Number of protein chains: 2
Amino acid sequence: METKKAIEKCEFLCVHEDVVREVLQTMPQEEILYDLAEFFKVFGDSTRIRILYALRETELCVCDIAGLLGLTQTAVSHQLRVLKSSKLVKARRSGKTVFYSLDDDHIHSILDMGIHHLRE
Amino acid sequence: METKKAIEKCEFLCVHEDVVREVLQTMPQEEILYDLAEFFKVFGDSTRIRILYALRETELCVCDIAGLLGLTQTAVSHQLRVLKSSKLVKARRSGKTVFYSLDDDHIHSILDMGIHHLRE
DNA sequence: TTATCATATGAATATCTGTTCATATGATAA
DNA sequence: TTATCATATGAACAGATATTCATATGATAA
């Protein structure tokens, strides 16, 4: 009860009303922020990041990616599915083999920015 | 056993050796990719993204952020801790109040890039 | 000092997510 | 057709993580 009261005090009394109102007006819509978080979330897994950087130079089949990164075919396939549904990679079928590549140059520039960021 | 065999065939036989070797040479170091994934992971949560965008215009105290986003003080505090240890925000104490702000302009530009990305 | 407030933190819980296992699908060759 | 291969997928499991609850800390004012 003590805690509850303290929180209520905090949330409803100590807020700087004017500042909060202003920030609320300049903030992007809730939905956009959710989408943005989802977007970053895809990059926030080391397996997916490694797959993306493997695809930076050239298209690769599932087998190549698995061998290259020391992963099982299944794990790669599942992650490629995530990357594909997020429009980060696209697939091209050639007989039994499926080649994956980065979806567009936009993804390339994001990956380059990632590298650049960590160098700072 | 059938499955195991198929996987081995796939991983060790169907790999395009030359392509894989070339990609391995051009890829960033493993460690860098892990760090990069960790970096993106911080942006990959809607609560943290919302906090970051709330701080894009001005510094805010914990109370303001909680009231602004409809979160408990505790949840905000925990997430600010994550953001701070990732060097995305910094804290300034003023009496009982602690004001948080984006750590540097670099973070600003990343957030702006995020907005820009979703507009495409 | 004591009381109060703003914030921080540890533990527990619940949810989410990545991998594995088993199996299915789609394509080629015999 | 059947056999084989490359890939995809559903279910189960395990590990990670965000929130909540209870409490602690650090600061101000009385």
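Residues numbered from 1 in each chain as written. Chains lettered and ligands numbered in written order. Predicted model: local features only at pLDDT ≥ 70, side-chain atom pairs only at ≥ 80, totals over all residues. Heavy atoms only, no water.

Caption draft 1: Summary view of the overall build of chain A. Of the regular secondary structure elements, chain A holds seven helices and three strands. Listing every helix and strand of chain A by position from the N terminus yields α-α-α-α-β-α-α-β-β-α. Among the 120 residues that make up chain A, the fraction classed as buried is 44%. Taking the contacts inside chain A whose residues are at least 6 apart along the sequence as the reference set, 50% of them involve residues at least 24 apart. In the structure as shown, chain A presents an accessible area of about 6800 Å², 50% of it carried by carbon and sulfur atoms. (Helix = DSSP H or I, 4+ residues; strand = E, 2+ residues; numbered from the N terminus. Buried < 20%, exposed > 50% of the residue type's maximum accessible area, 1.4 Å probe, protein only. Contact = heavy atoms within 4.5 Å. Areas by Shrake-Rupley, 256 points an atom, 1.4 Å probe, with all protein chains shown as cover.)

Caption draft 2: How the structure looks around the pairing of strand β2 (residues 89-94) of chain B. Residues and elements named next belong to chain B. The sheet contact formed by β2 and strand β3 (residues 97-102) spans six bridges and is antiparallel. When the sheet's bridge partners are listed, Ala91 is paired in β3 with Tyr100. From the end of β2 to the start of β3, which pair antiparallel, there are two residues, and Gly95 there has a positive phi angle of about 70°. (Pairing = 2+ DSSP bridges.)

Caption draft 3: Fine view of helix α3 (residues 30-43) of chain A. Counted at 1.5 Å a residue, the expected span for α3(A) with its 14 residues is 20 Å, and the 21 Å between its end C-alpha atoms agrees. Along α3(A), the residues classified as buried are Leu33(A), Leu36(A), Ala37(A), Phe39(A), Phe40(A), Val42(A) and Phe43(A). Contact partners of the buried residues in α3(A): α4 (46-54), α6 (73-85) and α7 (105-118) of chain A together with α3 (30-43), α4 (46-54) and α7 (105-118) of chain B. (Expected span 1.5 Å × (residues − 1).)

Caption draft 4: Highlighting the sheet that holds β2(B). All names here are of chain B. Reading across the sheet, the three strands line up as β1-β3-β2 and stay open at both edges, with antiparallel pairing between neighbours. Two strands close off the open sheet at either side, each with one partner strand: β1 (60-61) and β2. Pairing of β1 with β3 involves two bridges; the strand directions are antiparallel. In the strand pairing of β3, Cys61 is matched with Phe99.

Caption draft 5: Focus on the sheet that holds strand β1 (residues 60-61) of chain A. Pairing is antiparallel in the open sheet, where three strands are placed in the order β1-β3-β2 (chain A). Two strands close off the open sheet at either side, each with one partner strand: β1 and β2 (89-94) of chain A.

Caption draft 6: Layout of the relation of the copies chain B and chain A. At an RMSD of 0.1 Å, chain B and chain A line up after a rotation of 180° and a shift of 0.0 Å along the axis. Here the two chains are linked by the operation of a two-fold rotation axis. Interface overlap between copies is the fraction of interface residues in one copy that are interface residues in the other; for chain B against chain A it reaches 100%, indicating a shared surface. (Least-squares fit on C-alpha atoms with pLDDT ≥ 70 in both.)

Caption draft 7: Region of interest: the interface of chain B and chain A. Facing 53 residues of chain B, the contacting portion of chain A comprises 53 residues. Buried area between chain B and chain A, summed over both chains or domains, comes out near 4800 Å², and the portion from carbon and sulfur atoms is 77%. Connecting chain B to chain A are two salt bridges. In this structure, Arg50(B) and Glu30(A) form a salt bridge, with 3.2 Å as the shortest nitrogen-oxygen distance. Viewed at the interface, chain A and chain B are joined by two residue pairs in polar contact (both at pLDDT 80 or more). Counting only elements with at least two residues in the side of chain B that touches chain A, the list comes to α1 (2-12), α2 (17-26), α3, α4, β1, α5 (62-69) and α7 of chain B. With 11 residues, the top contributor of residues to the side of chain B that touches chain A is α3(B). For the side of chain B that touches chain A, a count of residues per class yields 32 nonpolar, 11 polar and 10 charged. (Buried area = accessible area lost by both parts, 1.4 Å probe. Salt bridge = Lys/Arg side-chain N within 4 Å of Asp/Glu carboxyl O. Polar contact = N/O pair within 3.5 Å; in protein donor to acceptor, adjacent residues only side chain to side chain. Nonpolar A, V, L, I, M, F, W, Y, C, P; charged D, E, K, R; others polar.)

Caption draft 8: Spatial organisation of the confidence of the model for chain A. Residues and elements named next belong to chain A. For chain A, the average pLDDT comes to 87, and 88% of its residues sit at 70 or higher. The weakest mean pLDDT in chain A belongs to helix α1 (residues 2-12) at 39; the strongest belongs to α4 at 98. Note that residues 1-9 has pLDDT below 50 and, in this model, two contacts with residues that lie over four places away or in other chains. (pLDDT = per-residue confidence, 0-100.)

Caption draft 9: Spatial organisation of the packing of aromatic side chains. Tallied over the full model, the rule gives seven aromatic pairs over all chains. Relative to Phe40(B), the ring of Phe43(A) has its centre 5.0 Å away and its plane inclined at 40°; by these criteria the two rings are tilted. Of this pair, Phe43(A) sits in helix α3 while Phe40(B) sits in helix α3, placing the two residues on different chains. A residue is classified by how much of its surface remains accessible, and Phe40(B), at 3% relative accessible area, is buried. The rings of Phe39(A), Phe40(A), Phe43(A), Phe39(B), Phe40(B) and Phe43(B) are connected pair by pair, giving a single aromatic cluster. (Phe/Tyr/Trp six-rings, centres within 6.5 Å; stacked < 30°, edge-to-face > 60°.)

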